[in-house]
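Structural features, examined
Each chain, written out:
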Amino acid sequence: MMDALKRQYGELASAWEDGLKQEAKRSAIAFLILYLLALGLCAGIPSLRERLISMVVGTIDSMAVTDSAGRLSALALFSNNLRACAFIMLYGLIPFVLLPALSLGMNAMILGVLAAWYIAEGIPIAVYFAALIPHGIFEIPSLIFAFAVGLYVCGQTTAMVKRREGAGSLWDCVSLISRAFLLVQAPLLAAAAFIEAHISPVIASLLTGTPVV
């Protein structure tokens, strides 16, 4: 069992050195830039902030990540985020179309819009970070890694279509997605979902003085 796991992680490490690491760096930088851009635009243009926050709230509501009592459900958060990461990586199988990059921009924008809304409403920014950081230290790297895998796979499938020398096979791409999904995304998102549902609300309540329901 351990030998099989080592072999699978070894294959993932090979892809990391082959170019996945560069995609991860680019994805992290792009995520930060887009986050700051959304924050700056929404902080400076109230009408834009109001339109976007309505869209963000509607998107979050449509995810159905709360239980009947209105509390965040760790299972719903986990399944929703895992499904999103799976689609981000699978989008990479479509050559030439950088759909993972669009997903990157959407997620960065949501966080930036929420930060601008907190500031505009006079809510201490510490509350925003308290609600984000505990689970975000697992969830955000997981998302960025998913974006990196999607972009890396898109590069490989595009190279296949163009018949470039050294391009990986479709099976290699599917295998990489599977390894990333099981070895990276699932553990990180499971930790993030548990923290977001059970720990982040407690931390935020301590800062706001509002008891957790």
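Reading the values: rules and limits
- Residues numbered from 1 in each chain as written.
- Predicted model: local features only at pLDDT ≥ 70, side-chain atom pairs only at ≥ 80, totals over all residues.
- Heavy atoms only, no water.
- Helix = DSSP H or I, 4+ residues; strand = E, 2+ residues; numbered from the N terminus.
- Rg over C-alpha atoms; globule rule 2.2 N^0.38 Å.
- Buried < 20%, exposed > 50% of the residue type's maximum accessible area, 1.4 Å probe, protein only.
- Contact = heavy atoms within 4.5 Å.
- Expected span 1.5 Å × (residues − 1).
- Arc of directions from axis to C-beta.
- Patch = residues over 30% accessible without salt bridge, like charges linked within 9 Å, V, L, I, M, F, W, Y side chains within 5 Å.
- Areas by Shrake-Rupley, 256 points an atom, 1.4 Å probe, with all protein chains shown as cover.
- Salt bridge = Lys/Arg side-chain N within 4 Å of Asp/Glu carboxyl O.

**Considerations on the overall build of the protein**
Counting its secondary structure elements, the protein contains 7 helices and 0 strands. Secondary structure elements in the protein, listed N-terminal to C-terminal, are α-α-α-α-α-α-α. The C-alpha atoms of the protein give a radius of gyration of 19 Å, which matches the 17 Å a tight globule of 213 residues would have. Each of the three principal axes of the protein carries a C-alpha extent, and together these read 60 × 45 × 25 Å. A burial count over the protein gives 39% of its 213 residues as buried. Within the protein, contacts between residues at least 6 apart in sequence are counted, and of these 78% link residues at least 24 apart.

**Some words on the environment of A101**
Summarising the element assignment, A101 is placed in helix α4 (residues 99-120). Remark: the alpha-carbon pair of A101 and V113, spanning 12 residues in sequence, is separated by 18 Å.

**Notes on helix α2 (residues 46-62)**
Compared with the 24 Å implied by 1.5 Å per residue over 17 residues, the 24 Å span of α2 between its first and last C-alpha is a close match. Listed in full, the buried residues belonging to α2 are R49, L52, I53 and V56. Summarising the axial view, the buried residues of α2 lie within an arc of 110 degrees, below the 170-degree limit, and thus occupy one face. Set apart from the buried face of α2 by more than 90 degrees, the exposed residues are R51, S54, M55, D61 and S62. Check the buried side of α2 and you find it contacts α1 (2-44) and α4.

**Quick notes on a nonpolar patch on the surface**
Together, F87, L90, Y91, I94, F96, V97 and V161 give the surface a local cluster of nonpolar side chains, amounting to about 600 Å² of exposed area. Considering every element that reaches the nonpolar patch, the biggest residue donor is helix α3 (residues 74-91), with 3 residues. Structurally, the position occupied by I94 is in the loop between α3 and α4.

**Remarks on the pattern of salt bridges**
For side chains bearing opposite charge, pairing can occur when the charged atoms are close. Following the criterion strictly, the structure yields 3 salt bridges and no others. Between K21 and E17 there is a salt bridge; the shortest N-O distance is 3.5 Å. Taken together, the positions of K21 and E17, both in helix α1 and 4 residues apart, correspond to about one turn of that helix. In this structure E17 comes out as exposed when scored by relative accessible area, which is 56%. The salt bridge involving E50 is made with R49; its shortest N-O contact spans 3.8 Å. According to the relative accessible area criterion, R49 is buried, its value standing at 10%.

**Some remarks on the side chain of S200**
For S200, the location among the structural elements is in helix α7 (residues 200-208). Judged by relative accessible area, which is 4%, S200 ranks as buried. Apart from the residues lying within four places of it in its own chain, the contact partners of S200 are A130, A131, P134, H135 and I195.

**Comments concerning α4**
Here α4 contains 22 residues, and its C-alpha end-to-end distance of 32 Å stays within 8% of the 32 Å for a straight helix at 1.5 Å per residue. Every buried residue belonging to α4 is among P100, S103, L104, A108, I110, L111, G112, V113, A115, A116 and Y118, and all of these are buried. Against the buried residues of α4 lie α1, α2, α3 and α5 (125-161). Where α4 terminates, the next one or two residues include G122, which has phi positive at roughly 75 degrees.

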